[in-house]
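# Results of the structural survey
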Amino acid sequence: MSVQEPFDIQGHGVAVKHPATQEEYGQLVQEAARGGQAVYPLGGGTRQYLGLPPVKPGVALCTRKLDRVIDYPARDMTVTVELGMTVARLREVLAAENQDLPIDCPDPERATLGGLLATNGSGSRRHGYGTPRDYLLGLTAIDDHGRPTKSGGRVVKNVAGYDMGKLHIGALGTLGPLVQGTFKLKPRPEATALCLVPLGADERLEAFANHLNQGRTRPISMDLLSPGAAREFARMAGQTLPNAGWLGLVGFDGAEVAVRWQVQNLKDELRSMASGEVVELLSNAMAWEALAALGGPHGSTGLRAGVLPGETVGLARALETWAPASGVVAHLGAGIVNAWGDPDTSREPLMAQVERLRHLAQPKRLAQSKSGWLVVTRSAPSARDARMVFGPGREDHPLMAEIKRQLDPGCLFNPGRFLTDL
Amino acid sequence: MTATLAEDKTATLLGRLTKIVGADGLISSPAELMVYECDGYTMEKNRPEVVVFPRSTEEIVGVVKVCNELGVPFLPRGSGTSLAGGCLPVGGGVIISLARMRKILEVDIRNRYALVEPGVINMWLTNRVKGDGWHYAPDPSSQGACTIGGNVATNSGGPHTLKYGVTVNHILGVELVLPDGRVIQIGGPVEEAPGYDLTGLVVGSEGTFGVVSKVWVRLVRNPQSVRTLLGIFESIDDATMTISEIIGAGIVPAALEMLDNLILGAVEEAFGFGFPLDAGAVLIMEVDGLEAGIDDEAARIEAIALKNKARKVSRANTEAERMLLWKSRKQAFGAVGRLAPSYCTQDGVVPRTRLPEMLRIMHEISKRHDIRIANIFHAGDGNMHPILLFDERDPSQVQRVMEASHEILDTCLKLGGSVTGEHGIGVEKIDFMPKLFSPDDLMAMTRVRQAFNPSGLCSPGKMLPTAGACSEPSSARPLKPGRRAPH
Ligand SMILES: Cc1cc2nc3c(=O)[nH]c(=O)nc-3n(C[C@H](O)[C@H](O)[C@H](O)COP(=O)(O)OP(=O)(O)OC[C@H]3O[C@@H](n4cnc5c(N)ncnc54)[C@H](O)[C@@H]3O)c2cc1C
Ligand SMILES: Cc1cc2nc3c(=O)[nH]c(=O)nc-3n(C[C@H](O)[C@H](O)[C@H](O)COP(=O)(O)OP(=O)(O)OC[C@H]3O[C@@H](n4cnc5c(N)ncnc54)[C@H](O)[C@@H]3O)c2cc1C
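Since this is a predicted model, take the numbers as computed values, not measurements. (Residues numbered from 1 in each chain as written. Chains lettered and ligands numbered in written order. Predicted model: local features only at pLDDT ≥ 70, side-chain atom pairs only at ≥ 80, totals over all residues. Heavy atoms only, no water.)

## So, the sheet that holds strand β19 (residues 373-378) of chain A
Residues and elements named next belong to chain A. Here eight strands make up an open sheet; going across it, the order is β15-β12-β14-β13-β17-β18-β16-β19 and the pairing antiparallel. Looking at the sheet topology across the chains shown, the edges are occupied by β15 (279-280) and β19. Pairing analysis gives two bridges linking strand β12 (residues 191-200) to β15, with the strands arranged antiparallel. Its bridge partner being in β15, C195 is matched across the sheet by E280. Packing of helix α11 (residues 347-361) onto the sheet brings it into contact with β16 (301-306) and β19, and relative to β19 it is tilted by some 140 degrees. (Pairing = 2+ DSSP bridges. Helix = DSSP H or I, 4+ residues; strand = E, 2+ residues; numbered from the N terminus. Contact = heavy atoms within 4.5 Å. Axes fitted to C-alpha atoms, helices over the stretch in contact; angles between N-to-C directions.)

Here you go:
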């Protein structure tokens, strides 16, 4: 699958080049730098709407041709690959050895590993498995002179040198293109299960969330879906829902006996709490995929917020009514909430709306150190500026800006994309 | 810079620091400073000018500002259990000990975190929350002594990090006193605030980015059940083959630790667990999780061990027996003193399938240099801790220990591994950095250090083979003033 050209990055058409090797990628970076052009690292192009629009003419350097397996010592449970490889392709390679990189990704056929790292992608299973930072062991990035720079290594435990990989994860490509990485892997579980917990009315939600934190089971995922999100999920997963209210989704995996035991326990424990019977979804592969892909229709406005886990339900409820046609998916273990909807998208009303919601994520009764955050992941390019997308700066942002200045003094990589100054 | 500052400068320094931490908040007499000449790595020593014991973030800030004004290097220190010379005051100057910042400030089980001061001892935290059925997962063998701040700085591992991850996987955020005295919160109890993951970067930065003054750590629920197996093997080879096969079979044990014959003798003498003294090696193999299915997993491990010629596989039948087994493992270093007057611990890593090969080579290195090497390590991670036994009064032995150590670490690199899995680069392994990384790789790291620590006054001479402020090549650095041959 190839990307369209020129590639549209938030309303700006950018010419695309497709280097075939890491060396060529580096040369093109060097060329761009010499010509005073910016470099826009491009993976599958599934999430270019994140962050802020480009501020400088430049070239999109696509990683898709960098998709080789460099080394897969399966018995060491690590793999080294080029990062233009799609998530789906890596899964296929690993499946042959009954292994996996257990990170959820909405569009795995198109999304690349580089994009997954740059956007710090994660989904429901993060509760049991963590996020990309828990898997990346070593990384090669291209620096502002077009040279490869590596950090970490290929073994599962290594503390030599600074962990530059952590810095690049979630940096939206602003510290340089990522071309090669080594990941720690997990064995595929013998069994998985996804249970549907009909919750109906609002007052059950908090009890449900609190219970999961102390019940006898150890879920790998625990999500709360608003009625709108539940409908969307049911449609995508080909399921029928017991009722039209809020929905809990609880996932397990591991040895068959352990999964069976947990499903049964969950049913018993939640019997009095749920508004209907807890149901285990059959043919659950499709349901897991639907859950990972759940993010609202293409044209909708998207929000993502983080709060203390114990505050998640409150925020999810507030987001349920934030806009017409809304949907909310809350990861209860991590306190991460994704929401979408069709609000009035003209600038002032949207800004007012976003600021109101940001206040909810930063309740005054909590100490500043416990404040949450809210970003606008997807919206019309015209309304995307730092205040709208990321909100007010935090006290560590000047340090981030200094790191950006050190690693990319010419502001070559994705200029303007991330926060102010980054 | 020489080890001692001019006398009037010292007087000014002491006077100003006393105003901040009080007369009982610092030490400066040579006798008292002796303890601070080195840490768990004793091959090199240097005396600091003064050691301060701040009680609060504000006091740390005050100390750091004075150091900046007077151009004096400073260095954070937890319990000094570093095995890489992380606490060696290379440029003399001020050691900032966090030993008086030992409060657990907050425990929030609902939100799965605790907030602690950096001097809190690792074990205290788990002791505090275990009644609720929770724990702090990273469990270095030194956990009875080392601090959370030190763990953060070195990204410590431990037996159970095989399944649960190392320190970085459990740190949500820190408060950091930057080398210029600014205080910032990085990360925090709410996950994934927009921006770069500075928390992930600060963990493992070995004190070169400033002084960590608070830490938000993740708390983890205790597993419902645990099974601990002890496998007795005739040879190291059989034990390492077992490890390799367990991992290869896709089993993720909670811990997989190996002890060889040499260390067994010492441990047995110290703790009387009942290890067979004629065994070539033993493996401590632990699985945890839900009760349902756990015996099947234990049985699979047992079968693999027996297939690889284990003489016997037994289970810890009671919690007391399990605790004694772990005590024998975790306090084994303490028993090493029974084997030789001095020892030097290495921290190499190889891909776990190369362990059998690596141990064979190590045996050969031991014979060739005529240095006894005891082995006790986190086998499941491929992270080895060969302990080289010697007598530091014999210069020839010291020389051979150095050579053997370097040969072991070079072999780790040749097999695709690393020279440190958890102890850090410190000063000890700084010369290996150019073997692990290209000049461009090191330049990128130097640029990042520059963002945090532009003056280079904070922890000079650590981690990167370049001087603090600019990126001079290794040969030009005025380093190792403190290095002196052990005697
Ligand atoms: C705020 C936010 C919200 C998200 N929401 C969700 C969600 O709800 N559900 C979910 O599962 N996932 C979510 N993600 C993750 C995201 O969907 C995916 O991770 C996706 O994999 C992007 O891959 P891509 O190849 O299509 O990248 P692209 O769309 O091509 O690029 C995305 C960004 O990454 C950069 N980039 C791409 N490749 C590289 C590279 N090799 N090196 C450096 N930079 C590169 C680009 O410059 C661009 O800034 C979210 C991420 C963020 C930050
Ligand atoms: C018997 C024994 C067993 C050990 N077992 C293990 C093990 O299983 N796993 C393992 O990983 N390590 C192990 N170690 C090594 C050591 O215990 C760890 O590295 C530990 O994390 C050091 O903690 P500390 O408080 O003693 O730190 P120190 O030794 O005092 O300092 C270590 C480094 O951290 C820096 N530092 C300390 N506090 C701060 C702070 N607040 N802010 C910024 N920087 C700081 C110092 O400058 C130094 O560079 C062992 C050591 C011994 C002696």
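Back to the write-up after that little detour.
## Notes on the packing of aromatic side chains
Residues and elements named next belong to chain B. If you walk through the whole model with that rule in mind, you get six aromatic pairs over all chains. Centroid distance Y36 to F53: 6.3 Å. Interplanar angle 75 degrees. Geometry classified as edge-to-face. A residue pair is termed long-range when its members are at least 10 positions apart, and Y36 in the loop between α2 (30-33) and β2 (50-52) and F53 in the loop between β2 and α3 (57-70) qualify at 17 residues. On the numbers, 4.8 Å between centres and 35 degrees between planes, the contact of F273 with F275 is tilted. Classification of F273 as buried rests on a relative accessible area of 18%. (Phe/Tyr/Trp six-rings, centres within 6.5 Å; stacked < 30°, edge-to-face > 60°. Buried < 20%, exposed > 50% of the residue type's maximum accessible area, 1.4 Å probe, protein only.)

## Points about the site of ligand 1
Residues and elements named next belong to chain A. In the neighbourhood of ligand 1, 32 residues make up the surrounding shell, with P41, T46, R47, T112 and T119 lying closest. Within the backbone of P41, a nitrogen or oxygen atom sits 2.6 Å from an oxygen atom of ligand 1. A distance of 2.4 Å is found between an oxygen atom of ligand 1 and a side-chain nitrogen or oxygen belonging to T46. Isolated, ligand 1 exposes 990 Å² of accessible area, and the fraction of that covered by the protein chains is 94%. It is helix α3 (residues 113-118) that provides the largest number of residues to the shell around ligand 1, a total of four residues. Across the shell around ligand 1, the residue classes tally to 12 nonpolar, 17 polar and three charged. (Near = heavy atom within 4 Å. Polar contact = N/O pair within 3.5 Å; in protein donor to acceptor, adjacent residues only side chain to side chain. Areas by Shrake-Rupley, 256 points an atom, 1.4 Å probe, with all protein chains shown as cover. Nonpolar A, V, L, I, M, F, W, Y, C, P; charged D, E, K, R; others polar.)

## Here's the deal with unusual backbone geometry
Negative phi values dominate among residues other than glycine, just as trans dominates among peptide bonds. One non-glycine residue, C411 of chain A, lies in positive phi territory at about 50 degrees. Note on C411 of chain A: relative accessible area 28%, which makes it partly exposed. Here the phi dihedral of S459 of chain B falls at roughly 50 degrees; this positive angle occurs in a residue that is not glycine. As for its placement among the helices and strands, S459 of chain B is situated in the segment after α16 (439-452). For S459 of chain B, a relative accessible area of 3% gives the class buried.

## Things to note about the domain arrangement of chain A
All names here are of chain A. When the domains of chain A are assigned, the result is domain 1 (1-188), domain 2 (191-293) and domain 3 (301-405). For domain 1 versus domain 3, the distance between C-alpha centres works out to 26 Å. With 15 residues of domain 1 at the contact, the number on the domain 3 side is 15 residues. When domain 1 packs against domain 3, close to 1,200 Å² is buried across both sides, 66% of that on carbon and sulfur atoms. Of all residues in domain 1, Y49, L52 and R126 give up the largest surface area on contact with domain 3, accounting jointly for 39% of the area buried on that side. Linking domain 1 with domain 3 are zero salt bridges. (Domains from an automatic or database assignment. Buried area = accessible area lost by both parts, 1.4 Å probe. Salt bridge = Lys/Arg side-chain N within 4 Å of Asp/Glu carboxyl O.)

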